[in-house]
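# Reading the structure
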Amino acid sequence: MDSKFQEAQTMPLVHIDLIEGRTDEQLRNLVKDVTEAISKNANVPADRVHIVLNEMRKDRYSVAGKMADGK
């Protein structure tokens, strides 16, 4: 197997979209838990797991036509 292809297979990239408001500790725990789950279930070393957190402002996210900030 091509080594570049094999390397790409062992580098999971996870994107997590969240509404703002969580503490740094909550975010650290989230990425720790997600890393462990991906490593275990995808059979890759934890140091190969990449996670991107995207925090959205509440006034930039809506569900069913209502903004998450309640306005």
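Model, not experiment: these values are computed from the prediction.

### Remarks on the nonpolar core
In this structure, Val14, Ile16, Leu18, Leu27 and Val34 together form the largest nonpolar core, which totals five residues. Among the elements of the structure, strand E1 (13–19) and helix H2 (24–42) are those that each provide at least two residues to this core. The dominant element in this core, judged by the number of residues it contributes, is E1, at three residues. Sequence-distant contacts of Val14, that is, excluding residues within four places in its chain, are made with Val34, Ile38, His50, Ile51 and Val52.

### A word on the pattern of salt bridges
Following the criterion strictly, the structure yields three salt bridges and no others. With a closest N to O distance of 3.2 Å, Lys32 and Glu36 form a salt bridge. Placement of the pair is Lys32 and Glu36 together in helix H2, with a separation of four residues, close to one helical turn. A salt bridge links Arg60 to Asp59, with the nearest nitrogen and oxygen atoms 3.4 Å apart. For Arg60, a relative accessible area of 54% gives the class exposed. Accessibility expressed as a relative area gives 27% for Asp59, which makes it partly exposed. The network of salt bridges with common partners includes Arg57, Asp59 and Arg60.

Parameters and conventions
- Residues numbered from 1 in each chain as written.
- Predicted model: local features only at pLDDT ≥ 70, side-chain atom pairs only at ≥ 80, totals over all residues.
- Heavy atoms only, no water.
- Core = buried A, V, L, I, M, F, W, Y, C linked by side-chain atoms within 4.5 Å.
- Buried < 20%, exposed > 50% of the residue type's maximum accessible area, 1.4 Å probe, protein only.
- Helix = DSSP H or I, 4+ residues; strand = E, 2+ residues; numbered from the N terminus.
- Contact = heavy atoms within 4.5 Å.
- Salt bridge = Lys/Arg side-chain N within 4 Å of Asp/Glu carboxyl O.

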